[in-house]
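Topology and contacts: notes
Below are the chains, spelled out letter by letter.
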Amino acid sequence: MTEVRAKKALGQHFLTDQKVARAIVDALKIPGQAGNDGALSFPAPTGHPFPVLEVGPGMGVLTQYLLEREDIDLRLIEIDTESVEYLLTHFQGMQGRLMEGDFLRLRLEKLFPGQFGIIGNFPYNISSQIFFKVLDYKDSIPEVVGMVQKEVAERIACPPGSKTYGILSVLLQAWYDIEYLFTVGSGCFAPPPKVESAVIRLRRNGRTSLGCDESLFKAVVKTAFGQRRKMMRNPLKPLARAKAEREGWSEDALSAFLAQPVFSQRPEQLSVEDFAALTNLLA
Ligand code: SAH
């Protein structure tokens, strides 16, 4: 079988630069290899290979290096039948490791009873959804190394106050330490994407609780960024009104509540802790 024909609808841009491929695989630390920060919640090293899921292996440019690592127990999920066939014919040991299917529909808890890592040159059309799924499994996923569109990488990694700071920045930074590792030019791919790419690493921080209701926190963040250039008083009014109804407040009491300074801020100015405090205010 020759090479896989790139399908745009599946976000297929195959990485052709071997040095970049190796650097991505090398960026994946595993339990027991805590970095300098020491604030990581990894389980103690067990001596057993650590389960890692590669999302969208394509023709296996990352897979070849992942398979060399004895500290990794590799699983792969690929949606494209042609890529699956390619991998089965070109790599040993794919049986039982490689699944054909949609990562977004995977019941990860069935696949991995314990902790696992995620790596991939992600399909850019679904990279946000991949990270939302990571958040759903945050207590099982200590580390993610992924290549995404450069703008997405910047957005995820940037601090409050930046123009691109948004929903995913807050939600991911709540639970992960995020490093922007390196930029990858479009010439490193076939076919070349229209945008630059970047590799980021997420490692679970030590946080076990936000000190507020988690699902309300998510709702507050998403709602606040619904109108990101506006003072939060506007987008958050329905949530404040719901609280007023629960508490039996008058219109005046609701107005006084919304007159608090925090509601005059824009969402891009708030840190994770600020959003947690705001969540408690609205609970
Ligand atoms: N890792 C390869 C391919 C990257 S392109 C490389 O670096 O060259 C993105 C890959 O993700 C493609 O192989 C595409 O078929 C696959 N893909 C796209 N959507 C997917 C999904 N929902 N679940 C799993 N794989 C997917």
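As the structure is a computational prediction, the values presented were derived from the model and not from experiment. (Residues numbered from 1 in each chain as written. Predicted model: local features only at pLDDT ≥ 70, side-chain atom pairs only at ≥ 80, totals over all residues. Heavy atoms only, no water.)

Some words on the layout of surface pockets
As a reminder, the rule being used: Here a cavity denotes a set of grid points, spaced 1 Å apart and computed over the protein atoms alone, in which a 1.4 Å probe fits but from which it cannot get out, and a pocket denotes an open set meeting protein on both sides within 12 Å along at least five of seven lines; residues with an atom within 4 Å of a point are reported as lining. Grid points are joined across faces, edges and corners, and a volume is the space filled by probe spheres set on the points. Strands here are runs of E lasting at least two residues and helices are runs of H or I lasting at least four, both read from the DSSP assignment and numbered beginning at the N terminus. Each residue receives one of three labels: charged for Asp, Glu, Lys and Arg, nonpolar for Ala, Val, Leu, Ile, Met, Phe, Trp, Tyr, Cys and Pro, and polar for the others, Gly being one of them.
Approximately 620 Å³ is the volume found for the largest pocket. As for the largest pocket, its lining consists of 40 residues, and the residues nearest its centre are F14, G56, P57, G58 and E78. Breaking the lining of the largest pocket down by element, the ones donating at least two residues are β1 (14-15), β2 (50-55), β3 (72-78), α3 (81-90) and β8 (189-190). When its volume is computed, the second largest pocket comes out at roughly 230 Å³. Along its surface, the second largest pocket is lined by 14 residues, and K8, H13, P192, P193 and K194 are the ones closest to its centre. A breakdown of the residues in the lining of the second largest pocket according to their chemical character gives six nonpolar, five polar and three charged.

Describing the sheet that holds strand β7 (residues 176-184)
Put simply, the rule reads: Paired strands, in this sense, are two strands between which DSSP finds at least two bridges. All axes here are fitted lines through C-alpha atoms, helices being fitted over the stretch that makes contact, and every angle between N-to-C directions spans 0 to 180 degrees. Here a residue-residue contact requires only that any non-hydrogen atoms of the pair lie within 4.5 Å.
Strand order across the open sheet formed by seven strands is β4-β3-β2-β5-β6-β9-β7, with mixed pairing between neighbours. Each edge of the sheet is formed by a strand with only one pairing partner; in this case those strands are β4 (98-100) and β7. Between one strand and the next, the sheet's axes are offset by a mean angle of 20°, whatever the strand orientation. Note that strand β6 (residues 143-149) and strand β9 (residues 197-204) share seven bridges and pair antiparallel. Within β9, the position partnered with V144 by the bridge is L202. Its contacts with the sheet place helix α1 (residues 18-27) against β5 (117-121), β6, β7 and β9, and it is angled at close to 170° to β7.

A short note on the environment of T89
Spelled out, the test is: Buried means the residue's accessible area, taken with a 1.4 Å probe over protein chains only, is under 20% of the maximum for its type, while exposed means over 50%, and partly exposed covers the values in between. Any pair of nitrogen or oxygen atoms within 3.5 Å is treated as a polar contact; in protein, a donor-acceptor pairing is required on top of that, and neighbouring residues in sequence qualify only through side-chain atoms on both sides.
Residue placement: T89 occurs in helix α3. On the accessibility criterion, T89 (56% relative accessible area) is exposed. For T89 and D136, which are 47 residues apart along the polypeptide, the C-alpha to C-alpha distance reads 34 Å. There is a polar contact of 3.0 Å between the side chain of T89 and the backbone oxygen of Y86. There is a polar contact of 3.2 Å between the side chain of T89 and the side chain of H90.

Here's the deal with the packing of helix α8 (residues 214-224) against helix α9 (residues 233-247)
Stated formally: With the far helix as reference, a near helix turned anticlockwise by less than a right angle produces a left-handed crossing, and one turned clockwise produces a right-handed crossing.
It is at 8 Å that the axes of α8 and α9 come closest, and there the two elements cross at 145°. Viewed along their axes, α8 and α9 form a crossing whose handedness is right-handed. Packed against α8, whose contacting residues are L216, A219, V220, T223 and A224, the element α9 presents P235, L236 and L239 at the interface. For the contact of α8 with α9, the residue count by class is seven nonpolar, one polar and no charged.

Focus: the pairing of β9
Within β9, eight of the eight residues are buried, which leaves the element mostly enclosed by the surrounding structure. Burial along β9 is two-sided: the face carrying S197, V199, R201 and R203 and the face carrying A198, I200, L202 and R204 are both buried. Bridging between β7 and β9 involves eight bridges; their strand directions are antiparallel. If you follow I178 over to β9, its bridge partner there is L202.

Everything listed is a geometric property; what it means functionally is a separate question.
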